[in-house]
Amino acid sequence: MKITFKKNGADIIENNWESLWKPKKQEHWKDGRSSKEFAKFAFKSIDSFHDLISKVLKSCGIEEQDFECEPEATSSLGTGFKSGGCRNHDLLMVGNKNCIIGIEAKVDESFDKELGEERKSQKKDEKDDNKTRADKLCEYFEVDIKNVNKIGYQLFTGTRGTINSAINNKKEKCIFLVIVFDGDIEFDNDHLKRIEKNNEDFKCFCNAVDASYKPFHDVKENIDCWIKKVTVTITKDASETSCYSFNL
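Residues numbered from 1 in each chain as written. Predicted model: local features only at pLDDT ≥ 70, side-chain atom pairs only at ≥ 80, totals over all residues. Heavy atoms only, no water.

(A) Layout of the overall build of the protein. A count of helical and extended segments in the protein gives eight helices and nine strands. A globule of 248 residues ought to have a C-alpha radius of gyration of about 18 Å, and the protein, at 18 Å, matches this closely. For the C-alpha atoms alone, the extent of the protein along its principal axes is close to 60 × 45 × 35 Å. Across the 248 residues of the protein, 49% fall into the buried class. (Helix = DSSP H or I, 4+ residues; strand = E, 2+ residues; numbered from the N terminus. Rg over C-alpha atoms; globule rule 2.2 N^0.38 Å. Buried < 20%, exposed > 50% of the residue type's maximum accessible area, 1.4 Å probe, protein only.)

Listed below in structure tokens is the structure:
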């Protein structure tokens, strides 16, 4: 399996990886935050990242394949989901066979606002029974908004954005992969509460869309989407070099 990284058509290499990988919000690019920790893991520790992706594919029963990857890639949610901007993947991995992987990296950052709160701020479509994008996502995943309004909104857009990326790239399988970093990271005092909230959101989302033990299936497009979360533990040696371990 070969994994390559590109941004705006340019290969990401040792001399330009920080400039091409940085998110638009520069304040997120610092040690201990998900953007930079994930970039260091995926690009600077490619063997560990390669091993993780290989095991994730195996856990889903998907064959190994080469991937071309774009950090900070954008994807629409597709037609019928109202206005609201694109989904930003921390990394979008396009396989040369049948698979797309959309990655969302976290340290203790939230999965955005809760769906119910996000819905309040969204524009309603008077021509479609005053439905918002959040309403259309609930229809798509066949869930009652009353039962999922406390779940982080990003889990809905991340999964749908990954599926739509698979549609656009003509793939029949995809994985929405949440990678959480733990270990030798400088946290503030409230990080345990945020991590607990994220864990609960992820569990509730998978239960709600019936994807805890099987992929979510898009009947219309005939696409399977596995929803996975893995924790990567960072340990630093005497020279402050980061080493990574994980369990699926």
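(B) Representation of the pattern of salt bridges within the structure. According to the stated counting rule, one finds 22 salt bridges in the structure shown. A salt bridge links Lys 44 to Glu 14; its shortest N-O distance comes to 2.5 Å. Highlighted residues: Lys 44 in helix α2 (residues 34–44) and Glu 14 in the loop between β2 (10–11) and α1 (17–21), separated in sequence by 30 residues. Given a relative accessible area of 42%, Lys 44 falls into the partly exposed group. Using a relative accessible area of 49% as the deciding quantity, one classes Glu 14 as partly exposed. The residue Lys 131 makes a salt bridge to Glu 139 at a minimum N-O spacing of 2.5 Å. Connected through shared salt-bridge partners, Asp 31, Lys 36, Glu 37 and Lys 40 make up one network. (Salt bridge = Lys/Arg side-chain N within 4 Å of Asp/Glu carboxyl O.)

(C) Broad picture of the pairing of strand β1 (residues 3–7). Along β1, the buried face is formed by Ile 3, Phe 5 and Lys 7; none of Thr 4 and Lys 6, which line the opposite face, is buried. Pairing of β1 with strand β3 (residues 67–75), which is carried by three bridges, proceeds in the parallel orientation. For Ile 3, the partnering residue across the bridge sits in β3 and is Phe 67. Both β1 and β2 contribute to a ladder of two bridges, which runs antiparallel. Bridged to Lys 6 within β2 is Asp 11. (Pairing = 2+ DSSP bridges.)

(D) Here's a closer look at helix α5 (residues 133–141). Across the nine residues that make up α5, a large majority, eight, are buried. Elements in contact with the buried residues of α5: α4 (115–121), α6 (145–148), α7 (153–168), α8 (191–208) and β7 (216–218). For α5, the capping residue at the N-terminal end is Thr 132, with a side-chain oxygen 3.3 Å from the backbone nitrogen of Ala 134. Trailing α5 by a residue or two, Glu 142 shows a phi angle of about 55°, which is positive. (Contact = heavy atoms within 4.5 Å. Polar contact = N/O pair within 3.5 Å; in protein donor to acceptor, adjacent residues only side chain to side chain.)

(E) Inspection of the packing of aromatic side chains at higher detail. What the rule picks out here adds up to 19 aromatic pairs. Geometrically, the ring pair formed by Trp 21 and Phe 38 is edge-to-face, given 6.2 Å between the ring centres and 70° between the ring planes. With a gap of 17 residues between them, Trp 21 in helix α1 and Phe 38 in helix α2 connect regions that are remote in the sequence. Look at Trp 21 and you get buried, because its relative accessible area is 2%. Pairing Phe 156 with Phe 205 gives two aromatic rings, centres 4.9 Å apart and planes at 75°, and the pair type is edge-to-face. With Phe 156 in helix α7 and Phe 205 in helix α8, this residue pair connects regions lying 49 residues apart in the sequence. Both residues of the pair, Phe 156 and Phe 205, count as buried. Over the aromatic face of Tyr 140 sits the side chain of Arg 160, whose NZ or CZ is 4.8 Å from the ring centroid. (Phe/Tyr/Trp six-rings, centres within 6.5 Å; stacked < 30°, edge-to-face > 60°. Lys NZ or Arg CZ within 6 Å of the ring centre and 35° of its normal.)

(F) Examining the pairing of β3 more closely. Where β3 meets strand β4 (residues 87–95), eight bridges bridge the pair, whose relative direction is antiparallel. By the bridge assignment, Phe 67 is partnered in β4 with Gly 95.

(G) Highlighting the nonpolar core. Grouped together as the largest cluster of nonpolar side chains are 38 residues, with contacts concentrated most on Phe 38, Phe 49, Ile 53 and Phe 181. Here this core takes six residues from helix α3 (residues 46–60), the largest share from any one element. Apart from the residues within four sequence positions on either side, Phe 181 is in contact with Glu 37, Phe 38, Phe 41, Ala 105, Lys 106, Val 107, Phe 187, Val 232, Ile 234 and Tyr 244. Membership of the second largest hydrophobic core comes to 33 residues, among which are Phe 81, Leu 92, Phe 111 and Phe 176. (Core = buried A, V, L, I, M, F, W, Y, C linked by side-chain atoms within 4.5 Å.)

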